[in-house]
Amino acid sequence: MKLIDAATREPNFRSLPSIDQLLRTETISMLLPIIGVKHLTQLARTVVDSLRAEIGHGKLADSNLLSLAAKRLFDAWESESKTGLRRVINATGVVIHTNLGRAPLSVQAKNAVENAAGYCTLEYDIETGRRGGRGQRAESLIAELTGAEAAVIVNNCAAAAFLVLSVLASGGEVLVSRGELVEIGGDFRIPDVLIQSGAALREVGTTNRTKLADYEKAFNENTRMILRVHPSNYRIVGFTSIPTISELSNLAHKHGTMLFEDIGSGALVDLSQYGLTDEPVVSDSIRDGADIVAFSGDKLLGGPQSGIIAGRRELIDKIRKHPLYRVLRVDKLAYAALEATLESYRRGTAIADTPVLKMLGMTKDEVGMRTAKFVEALGSNLRFEITDGQSAVGGGAAPLVQPETVLLALSHETLSANEIGAMLRKATPPVIARIEDNKVLLDLRTVCEDEETELLKILANIN
Ligand SMILES: *Cc1c(COP(=O)(O)O)cnc(C)c1O
């Protein structure tokens, strides 16, 4: 029905509320201290403009436009306020979920972040009252835990690899096996990183097999290093072979060059008891002769986003002095979280403290027992079923390892799985689940125990 003024036969804009009227409504005036007058006025203008356009097109019935406008403004604010970073419950069973912030921090690391958030001794030496070394504690913990002479920390492993290649190989050639010219995801491609660093890529061997002799043949006076890349998120299986780290290291040294290993995930402790048998342990690489290694802080290590470079002191010093290091360095919050995470490793309590390790270490029976207890408390119209399934390590680590788990499969008489999934995502906090075969699957492996009560409440609200 068009709002037509009987006399003029024109659309009637007189019922349109003014911005001022809208801001003075009860609902919207409550938002004022939260949003601030400037942005609130902006939102109000957008809402009133769209109402005006709708009247012009004859799309609005003669209703209470003021309350309609207030409702739209409130909804606009609400959906906008949901777009920032929010805590979520990860019920996907993917432990290192890149889209959900990779490694959840330990309690110790969270406390350390809070502690460092104000003024802290980032570059200050309490003893002397003078300027102190940035990141020294985290670096010395890394050195101690990996057996490396020294370490330096940057923004992520991609930055670490780029920095190492830029400082130590720019203008020269880098030997890489054709089986290791991989894309790690998020556009991190080894050949592209090499081009950007100013080093030339010299491909060696074949996709599935690269022999020591292939590297040997490729050496020339421009060769600066051998680069070994852990293929992280994919595996070549079958007729394959690559030289060991010590073979590569000996060869590199024989030619007066070095071996750089991009380990990617990098475990600080042996995780083979969790089935993670082909993720390199950093200290093994250092022991076997890698001159420099790079790995992520927020993959299997279970700390904050960071890229850790460890290796020979002389090389680390060169890296630290390069102007690019200043560009790629991390902030105090990352150091704080990393220090606390590394201290857990040194205490020998990493497996109990670090959520990533705790979750990976959970057996199928343990997840099963938690799930059985969980459904006892589940009061809702949802139908559920407990089934066997698999979790995932995620974060581009150990793609072939899928820990056996127990899943809670939810369905509903009238709601589809996608509809339930959307309702879970709209909850506070949002719950992220897997959807398969028109069922919503929850894997409690990645749900912290103290989130269970919250999750039960959210499920009870789905009717
Ligand atoms: C994950 C990964 C990277 C990138 O690490 P970010 O910390 O995400 O930057 C680089 N190299 C390898 C081998 C990886 O697995």
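See the structure printed just above.
The structure presented is a predicted model; accordingly, all values stated were derived computationally and were not measured.

Rules used in this analysis
Residues numbered from 1 in each chain as written. Predicted model: local features only at pLDDT ≥ 70, side-chain atom pairs only at ≥ 80, totals over all residues. Heavy atoms only, no water. Helix = DSSP H or I, 4+ residues; strand = E, 2+ residues; numbered from the N terminus. Buried < 20%, exposed > 50% of the residue type's maximum accessible area, 1.4 Å probe, protein only. Near = heavy atom within 4 Å. Polar contact = N/O pair within 3.5 Å; in protein donor to acceptor, adjacent residues only side chain to side chain. Areas by Shrake-Rupley, 256 points an atom, 1.4 Å probe, with all protein chains shown as cover. Nonpolar A, V, L, I, M, F, W, Y, C, P; charged D, E, K, R; others polar. Pairing = 2+ DSSP bridges. Axes fitted to C-alpha atoms, helices over the stretch in contact; angles between N-to-C directions. Left-handed = near helix turned anticlockwise from the far one by under 90°. Contact = heavy atoms within 4.5 Å. Phe/Tyr/Trp six-rings, centres within 6.5 Å; stacked < 30°, edge-to-face > 60°. Lys NZ or Arg CZ within 6 Å of the ring centre and 35° of its normal.

Student: Just checking my understanding: could you explain unusual backbone geometry for this structure?
Tutor: Residue T428 is joined to P429 through a cis peptide bond whose omega torsion reads -10°. Tracing the chain through its elements places P429 in the loop between α18 (417-426) and β15 (431-432). One non-glycine residue, R102, lies in the positive phi region at around 50°. Among the structural elements, R102 can be located in the loop between β2 (94-96) and α5 (107-116). Since its relative accessible area comes to 24%, R102 is described here as partly exposed.

Student: Would you explain the site of the ligand in this entry?
Tutor: Neighbouring the ligand are R102, N156, C157, A158, I184, F188, H230, S232, D262, G264, S296 and K299. The separation between a nitrogen atom of the ligand and a polar side-chain atom of D262 is 2.8 Å. Burial of the ligand by the protein chains amounts to 93% of its free accessible area of 390 Å². Mapped onto the shell around the ligand, the elements with two or more residues apiece are α7 (157-169) and β9 (258-264). Looking at side-chain class alone, the shell around the ligand contains 4 nonpolar, 5 polar and 3 charged residues.

Student: Would you take a moment to explain the sheet that holds strand β14 (residues 404-411) for this structure?
Tutor: Strand pairs in the sheet, formed through backbone hydrogen bonds, run parallel or antiparallel to each other. Taking strand neighbours across the sheet as the criterion, the 4 strands line up as β12-β14-β17-β16 in an open arrangement whose pairing is antiparallel. With partners counted over all chains shown, the strands left at the sheet margins are β12 (383-390) and β16 (434-436), one partner each. Neighbouring strand axes in the sheet, compared pairwise and without regard to direction, differ in orientation by 35° on average. Note: β12 against β14, 8 bridges, orientation antiparallel. Across the sheet, the residue bridging to R383 is S411, located in β14.

Student: Before we go on, may I ask you to explain the packing of α5 against helix α14 (residues 332-347) in this structure?
Tutor: Two numbers describe a pair of packed helices, the interaxial angle and the distance between the axes. The interhelical angle for the contact between α5 and α14, taken along N-to-C directions, is 145°, at an axis separation of 8 Å. Handedness of the α5/α14 crossing: right-handed. Taking contact as the criterion, the partners of Q108, A109, A112, V113 and A116 in α5 are, on α14, K332, L333, A336, A337, A340, T341, S344 and R347. Grouping the constituent residues of the contact of α5 with α14 by class yields 8 nonpolar, 3 polar and 2 charged.

Student: Looking at this structure, how should I read the environment of T354?
Tutor: By secondary structure assignment, the location of T354 is in the loop between α15 (350-353) and α16 (355-361). Taking the relative accessible area as the measure of exposure, T354 reaches 1% and is therefore buried. For the pair formed by T354 and A109, sequence separation is 245 residues and the distance between their alpha carbons is 9.1 Å. Excluding residues within four positions of it along the chain, T354 makes contact with S106, L301 and G302.

Student: I would appreciate a short explanation of the packing of aromatic side chains in the present structure.
Tutor: Aromatic rings considered in pairs are described by the distance between their centres and by the relative angle of their planes. On inspection of all chains with the given rule, the structure shows 0 aromatic pairs. R209 extends its terminal NZ or CZ atom over the ring of F239, reaching a point 3.9 Å from the ring centre.

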